[in-house]
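# Analysis of the macromolecular model
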Amino acid sequence: MSLHDDAVLVLKTYEDQRELRDTYLDHLAAHPDGMWKSCGAGHLTASALVIDPERGRVLLTLHKKLGMWLQMGGHCEPGDSSLERAGLREATEESGIPDLTLLPGGPVQLDRHAIPAPCHWHLDVQYAALAPTGAVEEISDESLDLRWFSYEEAAQVADGSVVRLVERTRAALRG
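Below: a short report on this structure. (Residues numbered from 1 in each chain as written. Predicted model: local features only at pLDDT ≥ 70, side-chain atom pairs only at ≥ 80, totals over all residues. Heavy atoms only, no water.)

This part takes up the environment of Pro107. The topology assignment puts Pro107 in the loop between strand S5 (101–102) and strand S6 (109–114). Taking relative accessible area as the criterion, Pro107 reaches 12% and is therefore assigned buried. The sequence separation of Pro107 and Ser95 amounts to 12 residues, and the corresponding C-alpha distance is 19 Å. Leave out the neighbours within four places in its chain, and Pro107 touches Val10, Tyr14, Val125, Gln126 and Tyr127. (Helix = DSSP H or I, 4+ residues; strand = E, 2+ residues; numbered from the N terminus. Buried < 20%, exposed > 50% of the residue type's maximum accessible area, 1.4 Å probe, protein only. Contact = heavy atoms within 4.5 Å.)

Shown next, in the form of structure tokens:
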């Protein structure tokens, strides 16, 4: 199965955010290259919020280009076999933490946001990754900083999309 086909399947089974989900599906139907950075109309990306529920905290990266505290994530690559694997790969690369595991149940949320030209949109499929006990982070070349924040601190430093992702992840952990 191609990454494009996997994305369509993942989105068709995603029950929440139906209008936004349909926007993603319409984009993929209109753009066979909609998974790749080269798609000028926008492209899907995959990300994962690294969470340590035992200690009530999340790991955020200070994005080098945007200067914002965000979850780990980025562009899909040709070697990615699924959106889940792309999100997990990005989280592992950017956090330096091995043995992350994705929260079961598929994506936690979708977030469509504008980006600078030449491309116009990121259609981000956002997962949650559980950090193993005793996880030690290691900053990557893509970050200015990497830091654990309590849930409350994350709400003070991150934008609305990250705050919603933290809230949805916490709800998924409870439910």
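Back to the write-up after that little detour.
Glancing now at the nonpolar core. Judged by nonpolar contacts, the single largest core of 32 residues is most densely connected at Met35, Leu44, Val50, Leu83 and Leu100. Listed by contribution, the elements that provide at least two residues to this core are helix H1 (3–13), helix H2 (18–30), strand S1 (43–52), helix H3 (83–95), strand S7 (121–130) and strand S8 (143–150). Setting aside its immediate chain neighbours within four residues, Val50 contacts Arg57, Val58, Leu59, Met72, Ala91, Ser95, Ile97, Leu100, Ala129, Ala131 and Trp148. (Core = buried A, V, L, I, M, F, W, Y, C linked by side-chain atoms within 4.5 Å.)

Turning our eyes to something else, we now look at the pattern of salt bridges. Pairing between side chains of opposite charge can happen when the charged atoms of each approach one another. Counted by the stated rule, this structure contains 10 salt bridges. Linking Arg21 and Asp22 is a salt bridge whose minimum nitrogen-to-oxygen distance equals 3.2 Å. Since its relative accessible area comes to 11%, Arg21 is described here as buried. We classify Asp22 as partly exposed; its relative accessible area is 32%. Note that Asp80 and Arg89 form a salt bridge whose closest N and O atoms lie 2.8 Å from each other. Each of the two residues, Asp80 as well as Arg89, counts as buried. Taken together, the shared-partner salt bridges connect Glu77, Asp80, Arg89, Glu90 and Glu93 into one network. (Salt bridge = Lys/Arg side-chain N within 4 Å of Asp/Glu carboxyl O.)

This next bit is on the packing of H1 against H2. In contact at an axis separation of 10 Å, H1 and H2 are set at 155° when each is read in the N-to-C sense. Judged on the interaxial angle alone, H2 and H1 are roughly antiparallel. Between H1 and H2 the crossing geometry is left-handed. Mapping the contact onto sequence places His4, Ala7, Val8, Leu11 and Lys12 in H1 and Arg21, Tyr24, Leu25 and Leu28 in H2. (Axes fitted to C-alpha atoms, helices over the stretch in contact; angles between N-to-C directions. Parallel < 35°, antiparallel > 145°, perpendicular 65-115°, else oblique. Left-handed = near helix turned anticlockwise from the far one by under 90°.)

Positionally, His43 belongs in strand S1. By relative accessible area, His43 is classed as buried at 1%. Sequence-distant contacts of His43, defined by excluding residues within four places in its chain, comprise His27, Gly34, Met35, Trp36, Lys37, His75, Ile115, Cys119, Trp121, His122 and Leu123.

Let's shift gears to helix H5 (residues 160–174). Relative to the 21 Å expected for 15 residues at 1.5 Å per residue, H5 spans 21 Å between its end C-alpha atoms, a close match to the ideal helical length. Burial in H5 covers these residues: Ser161, Val162, Val163, Leu165, Val166 and Thr169. Looking at the buried positions of H5, the neighbouring elements they touch are S1, strand S2 (57–63), strand S3 (69–70), S6, S7 and helix H4 (151–157). (Expected span 1.5 Å × (residues − 1).)

Such coordinate-based values are descriptive only and should not be taken to indicate function.
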